[in-house]
Amino acid sequence: MDRQINILTDFVDAEIFLIDGDSLLLELFGEKSLDWSHGGQFLHLTYLLERFLQYFTDKGGVFHIVFFKEMEIIWKSHPSMLLARQALILHLQYNTSFTVITSIDNFWEKQWKDYIDDKIPAFLLLTDAENIPWKTTRAKKAGLEFFFHSFLLHCLGQGLNCVFMSGIQMTATKVMGFYMESWPDHKTFFTKHKIPVCKTWQFLMRFWRDQASRNSPQSESPPQGGCRELATVLTCAQVLCKLLNEPNTSKIHTSLWEILKSIHDSSADNLLDMASVADLMDGRLVHTLFFFILEQRSMGLEGLNLPEDVIKEQRLHGEKLLLL
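Residues numbered from 1 in each chain as written. Predicted model: local features only at pLDDT ≥ 70, side-chain atom pairs only at ≥ 80, totals over all residues. Heavy atoms only, no water.

K.L.:
Would you mind showing me how to read the overall build of the protein here?
P.N.:
The number of helices and strands found in the protein is 11 helices and seven strands. Across the 324 residues in the protein, those meeting the buried criterion constitute 42%. (Helix = DSSP H or I, 4+ residues; strand = E, 2+ residues; numbered from the N terminus. Buried < 20%, exposed > 50% of the residue type's maximum accessible area, 1.4 Å probe, protein only.)

K.L.:
How do you make sense of the packing of aromatic side chains when you look at a structure like this?
P.N.:
Any aromatic ring pair is given by two values, namely how distant the centres are and how the planes are angled relative to each other. Inspection of every chain in the model, using the stated rule, returns 21 aromatic pairs. Relative to Phe63, the ring of Phe56 lies with its centre 6.5 Å away and its plane at 75°, an arrangement referred to as edge-to-face. No difference in accessibility class separates Phe56 from Phe63, as the two residues are buried. Judged by centre distance (6.3 Å) and plane angle (20°), the ring pair of Trp108 and Phe190 falls under stacked. (Phe/Tyr/Trp six-rings, centres within 6.5 Å; stacked < 30°, edge-to-face > 60°.)

K.L.:
What is the right way to look at the environment of Trp201 in this model?
P.N.:
Residue placement: Trp201 occurs in helix H6 (residues 184-215). By relative accessible area, Trp201 is classed as buried at 3%. Note: C-alpha distance between Trp201 and Phe151 (50 residues apart in sequence) is 9.8 Å. Ignoring anything within four residues of it in the chain, the contact list for Trp201 reads Glu70, Asn106, Phe107, Trp108, Phe146, Phe147 and Ser150. (Contact = heavy atoms within 4.5 Å.)

K.L.:
Help me out: how do you make sense of the pairing of strand S6 (residues 162-170) in this one?
P.N.:
If a strand is regular, its side chains alternate between the two faces of the sheet. Sheet topology places strand S5 (residues 124-126) next to S6; three bridges connect them, and they run parallel. By the bridge assignment, Leu125 is partnered in S6 with Val163. In this fold, S5 hands off to helix H5 (residues 138-157), which returns the chain to S6; that crossover is right-handed. Examined bridge by bridge, S6 and strand S7 (residues 175-180) share five bridges and lie antiparallel to one another. Paired with Gln169 across the bridge in S7 is Met176. Counted along the chain from S6 to the antiparallel partner S7, the turn is four residues long. (Pairing = 2+ DSSP bridges. Right-handed = clockwise from strand over helix to strand, strands pointing away.)

K.L.:
Quick question: what am I supposed to make of the nonpolar core here?
P.N.:
One recurring pattern in soluble globular proteins: nonpolar side chains tend to sit buried together. Within the largest apolar cluster, 77 residues are counted, with the highest numbers of intra-cluster contacts made by Leu53, Trp112 and Leu125. Look past the residues within four positions of Leu53 in its chain and what remains in contact with it is Ile19, Leu24, Phe63, Ile65, Leu92 and Phe98. (Core = buried A, V, L, I, M, F, W, Y, C linked by side-chain atoms within 4.5 Å.)

K.L.:
Explanation requested: the sheet that holds S6 in the structure shown.
P.N.:
Backbone-to-backbone hydrogen bonds join strands into a sheet, with any given pair of strands oriented parallel or antiparallel. The mixed open sheet is built from seven strands, whose spatial order is S1-S7-S6-S5-S2-S3-S4. Only two strands of the sheet have a single partner each, and these edge strands are strand S1 (3-6) and strand S4 (99-101). Across this sheet, the average inter-strand angle for adjacent strands is 35°, counted without regard to direction. Where strand S2 (residues 17-20) and strand S3 (residues 63-66) come together, four bridges link them in parallel fashion. What sits directly across from Phe17, in S3, is Phe63. Packed onto the sheet, helix H1 (residues 21-29) meets S2, S3, S5 and S6 and runs at close to 55° relative to S2. (Axes fitted to C-alpha atoms, helices over the stretch in contact; angles between N-to-C directions.)

K.L.:
Explanation requested: the pattern of salt bridges in the structure shown.
P.N.:
Two side chains with opposite charge may pair up if their charged atoms get near one another. The full count for this structure, using the stated rule, is nine salt bridges. Salt-bridge contacts for Asp22 lead to Arg85; the nearest nitrogen and oxygen are separated by 2.7 Å. With a gap of 63 residues between them, Asp22 in helix H1 and Arg85 in helix H3 (residues 79-95) connect regions that are remote in the sequence. Of the two residues, Asp22 and Arg85, neither departs from the other in class, the shared state being buried. Several salt bridges share partner residues, and in doing so they unite Asp22, Glu72, Lys76 and Arg85 into one network. (Salt bridge = Lys/Arg side-chain N within 4 Å of Asp/Glu carboxyl O.)

Next comes the structure, spelled out in structure tokens:
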């Protein structure tokens, strides 16, 4: 049975307490001052997060914020909220001094129990999941509630006290919250129902993953060279269109056209690939290109057919480099 107490008194009994990050986000997204209907107010969300945490730090509270990896699934159907979750995790990790735990898959893992046994927190702050901040079906709402209720059951069954976020009231000297203390009855109940609850949790998690994969747009993977190579391919496509539509093109476009032709020239001894072209366009291996051309010319081989004045200019630059 939960009861409202001043949870500040528990700060003295333990070094830290824990905050479930996804529970906190669920509560913050339900704030009346936050409008998420047009893509999200990320700055205001960050402010609400920091203000909530500041309430505890101002009163001497020391805490760790835990984000379970697998709980990311509850945000998959809301891309802007999922993005906000990732952004806030990075913000907390790199712009604040708070300790953020993101390495634990879920609370059923032994890693979570070991973490609790090591830190011995006073309590866990989590949501009761009564108010979902978006419209959803009754089945999905029940599934979301089950995720957090099973988390509550697991914590109480493992001897970890819990406090609900939704009922917290702040005053100058107190932090009042609905507190659920772990009792032997909780441990007995959890031991009896642990296996069926865990199996139900795993089933729902698989179901949510399947739903997310079906609803997410399927996009083609970038080429093997990565996004940089993909950008090069798109740029080359633009050059080819320009060559077809505008006969009087600049020398740089003509040169690139000759480079592109050599890629699939099976008679060439040294073939270029798109990664090499990406380097050329990036300006990193331009000098290597011209030395490669000069080497081919000196050996009497047919290679990249660049304009003579460009080759001559590069030869002059090469001679200047040798004199330095």
